[in-house]
Amino acid sequence: RVSASPGDEPRDALGGQDFIYSQRSGVSESLFKGDLLGVDADVASGDLRARGESSRDLSFIRGEYYVPERFLERFAAHVAKNYLVVDEADDGDESSSSSRSGLRAAGVPLILGIWGGKGCGKSFNVELCCRDMGITPFVVSAGELEDPVAGEPGALLRRRYVAAANEAARRGKPTVLVINDLDAGVARFKDDKITVNNQIVQASLMNLCDNPTRVSLGARRADSRAWDSRDERDPSEADPVFQRRDALVGSVRCLRVPIVVTGNDFSRLYAPLTRAGRMDLWHWEPSREEIASMLHQTLQDAEETGAVGYGGVEDARALVARFPDQPLDFFAAARAMCADDAVRDWLMSVGSDPERVRAALVGRRGAAEACEERSTKPFVLKPRQDVSLPALLRAAARVAAEQQHVLDVNLAREYVNAWTEDLTTAEIRQRRRADAARARAPEARNVLDAFENERAEKRKTLRADAEARALAETNALAKSNADYLMEVSAEAARLGLTTAIEIGVSTRSDADEAAVLEAEAERVCESERAWETWDCVECYRARKENPSLTLFVDVRPKKAFDRETVKGAINCPAAVTRGTVAEPVTEKDVDGAVAALRSSAAFSKKSAFEILVVVGDGGGDGGYARDALRAFHDVISSSDHLSDYLKLVEMRDGIDGWLKRYTPGGAPRPRYVGYGKDNEETMFTASN
């Protein structure tokens, strides 16, 4: 039998009570535990096992990298401040927080929040600073901030903080806790639902900021295991030299460890977490000179590994100047694409023989020893990369083209039903200004309202003055025209002539006058064509009155037809779109349109259609739509069974004219609602 701790009933070590648990819970058993050493067995304590909360190994960072001086200074100052301050000068008096440096714990933020755009090197520069300064980082990623078990991410964060404190006290090296992409793990975004873990993680960070030397690891129960299978042993008992149990169950004392978090938009975090005193917010946006310096060091290191053609820092500056709005990761992608070109050339030299490819990649021996043979030198020469300025510019142009291609194509518009456009930057700023105005004090809102009312009154006054001046000018012009009319009439009466004179004042601008004249000229040309020209309203009425006798033929390219067209129309493309989305090239294919028309239902002998409406892009003479109409007219005229009853009609203004007044399905749009850039919001009331 074993004698348990006071208050527990005696139990069998191998019967009613688990042996491993008995060793962990302080049971005195000389047979298994030993009187000489007086320690727990490793099977229960885990002293000799690998630590669960290990530090980040930075040995994977090879080569020389340039860290901008202001980034290094900001990081070093934050770490130094947190190690210079002493949070507890006396165990019994927490209010006497001070240090030999004169810094008070209440004035030193525990967290440094580095935020900025994507790909500007926030996380990587933090790791480089840790490597260069000899600091051991304990890293938490955004993916670890969520777990099926409620509260586990917060507990993991606290355990890793305590593990960093243990490492600093045991090895005498400074440590930091790094949380990458914090906003991606716990921030609030549109249509997101907050979880209990999000709340606990942010509350744990706030508690660490307020009590950086007292960490709660959760309460312990005497009737349950003291550690979970996923965790290491209880950190509170790891090293009693610098750490002691607090009077509060589950709370431990430890060293202060600075925390560094990175992210893109910290405005999405819980506001009390980012307040002054808890988090030191710093926006990192490297300048073009800093990007050029970091890129220069990377390319210079690549030249030492066999790359050729690099011309020094001037090449790096020229590359950054050519793409001034791109972040750091863009130039890293361009550098990697230069390696892709070299690898392709190298593979061409290896050939397609499987044995040569295997030997070139993993060595001459069998696949079982591939891992060992990766370190041996293949018998084929390694590729030499071209990192000259022209090669870098070509690679960067390809990367930029792919980025723009993704933005231009935007396939979600075609694949997602009920697609809604995101707010523009101007709309977001306007909404934020309105929210900020509402959040101000009532007195400030009153001042702002008075200022806006005064500006509105001034605008009304200026508008009224302008209208009065315009009316006076109109009256003066009308009076001068009337005087001229009277003079001409008197002269005509004196000579006995009868003259008709058109007078009046035109309110249309020169552009409107030119548009009216152009429209009138177009009407004259329409009357001289061999086919009829209808507007979209006439085409709509013809299909509504005789849907079985009217056929719409869309002659636009197939991609435009697939994106949007009139419901029920057939496609006889008279043009083909080639090239990229950014630089499309349209080539005419009238013969293809004629062939498609001949194979359609409208050209069969059993066709019952009497009206053939051609829908184009609205282009005039010289466009592919007008050429297709001429070809269709020739085909219909040469056909014996179609020339007698089939009427060829051109839709005026093409598909744009139809979509301004009707939906693709043929439903009329509400009044005062346009299409595309002319779209206006409709106000529906009880009267309309």
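Use the structure listed above.
In what follows, the accompanying structure is described. The structure presented is a predicted model; accordingly, all values stated were derived computationally and were not measured. (Residues numbered from 1 in each chain as written. Predicted model: local features only at pLDDT ≥ 70, side-chain atom pairs only at ≥ 80, totals over all residues. Heavy atoms only, no water.)

The next point concerns the packing of aromatic side chains. Under the counting rule described, the total for this entry stands at 10 aromatic pairs. On the basis of an interplanar angle of 85° and a centroid distance of 5.2 Å, the ring pair of Tyr65 and Phe124 is categorised as edge-to-face. One end of the pair, Tyr65, is in the loop between α2 (42-45) and α3 (69-84); the other, Phe124, is in helix α4 (residues 122-133), and 59 residues separate them in sequence. Both rings, one in Phe323 and one in Phe330, keep their centres 5.3 Å apart while their planes meet at 50°; by these two values the pair is tilted. Exposure class is identical for Phe323 and Phe330. Each is buried. Here the aromatic residues Tyr540, Phe552, Trp658 and Tyr662 are joined through ring pairs into a cluster of three or more. In this structure, Arg322 packs its charged tip against the face of Phe323, placed 5.1 Å from the ring centre. Seen from the ring of Phe552, Arg543 lies directly overhead, with NZ or CZ sitting 5.2 Å from the centre. (Phe/Tyr/Trp six-rings, centres within 6.5 Å; stacked < 30°, edge-to-face > 60°. Helix = DSSP H or I, 4+ residues; strand = E, 2+ residues; numbered from the N terminus. Buried < 20%, exposed > 50% of the residue type's maximum accessible area, 1.4 Å probe, protein only. Lys NZ or Arg CZ within 6 Å of the ring centre and 35° of its normal.)

On to the packing of helix α10 (residues 328-350) against helix α13 (residues 389-409). Where α10 meets α13, the closest approach of the two axes is 8 Å, and the angle between their N-to-C directions is 115°. With respect to their mutual orientation, α10 and α13 come out roughly perpendicular. Judged by the twist between their axes, the crossing of α10 over α13 is right-handed. Each of Phe330, Ala333, Ala334, Arg335, Met337, Cys338 and Asp341 in α10 lies in contact with α13, whose residues at this interface are Ala391, Leu392, Ala395, Ala396, Arg398, Val399, Ala400 and Gln403. The class makeup of the residues in the contact of α10 with α13 is 11 nonpolar, one polar and three charged. (Axes fitted to C-alpha atoms, helices over the stretch in contact; angles between N-to-C directions. Parallel < 35°, antiparallel > 145°, perpendicular 65-115°, else oblique. Left-handed = near helix turned anticlockwise from the far one by under 90°. Contact = heavy atoms within 4.5 Å. Nonpolar A, V, L, I, M, F, W, Y, C, P; charged D, E, K, R; others polar.)

Time to look at empty space enclosed by the protein. Under the counting rule described, the total for this entry stands at two cavities of 30 Å³ or more. Taken as a whole, the largest cavity spans an internal volume of roughly 50 Å³. Surrounding the largest cavity, Val614, Val615, Gly616, Gly618, Gly619, Ala625, Leu629, Glu650, Met651 and Gly654 form its lining. Going through the elements one at a time, β13 (611-615), α21 (624-638) and β14 (647-651) are the ones with two or more residues in the lining of the largest cavity. Classifying every residue of the lining of the largest cavity gives five nonpolar, four polar and one charged. (1 Å grid on protein atoms, 1.4 Å probe; cavity = no way out; pocket = protein on both sides within 12 Å on 5 of 7 lines; lining within 4 Å. Points joined across faces, edges and corners; volume = space filled by probe spheres on them.)

In this section: the sheet that holds strand β8 (residues 532-534). The strand order across the open sheet built from five strands is β8-β14-β13-β9-β10, with neighbouring strands paired in parallel fashion. What marks the edges here is a single partner per strand, and that holds for β8 and β10 (570-571). For β13 and β14, the ladder comprises four bridges, and the chain directions are parallel. When the bridges of β14 are listed, Ile611 appears paired with Lys647. The strands that helix α18 (residues 536-545) touches are β8, β9 (550-554), β13 and β14; relative to β8, the one it contacts most, it runs at about 95°. (Pairing = 2+ DSSP bridges.)

Our next topic: the nonpolar core. By size, the foremost hydrophobic cluster in this structure holds 32 residues, and its most contacted members are Ile111, Tyr161, Ile179, Leu182, Leu205, Ile259 and Val261. Every element with two or more residues in this core is listed here: β2 (136-140), α5 (152-171), β3 (175-179), α6 (182-186), α7 (196-210) and β6 (259-263). Top contributing element to this core by residue count: α5, with seven residues. Apart from residues lying up to four places away in sequence, Ile259 is in contact with His78, Leu110, Ile111, Leu112, Tyr161, Leu177, Ile179, Leu205 and Leu208. (Core = buried A, V, L, I, M, F, W, Y, C linked by side-chain atoms within 4.5 Å.)

Time to look at the environment of Ala276. Counting through the fold element by element, Ala276 comes out in the loop between β6 and β7 (279-283). Placed 169 residues apart in sequence, Ala276 and Gly107 show a C-alpha to C-alpha distance of 9.2 Å.

Here we come to unusual backbone geometry. For Asp181, which is not glycine, the phi dihedral falls at a positive 55°. Tracing the chain through its elements places Asp181 in the loop between β3 and α6. Take Asp181: its relative accessible area is 35%, and that puts it in the partly exposed class. Unlike most non-glycine residues, Asp653 shows phi in positive territory, near 70°. Following the sequence through the fold, Asp653 ends up in the loop between β14 and α22 (654-661).

Spatial relationships are all this shows, so hold off on functional conclusions.
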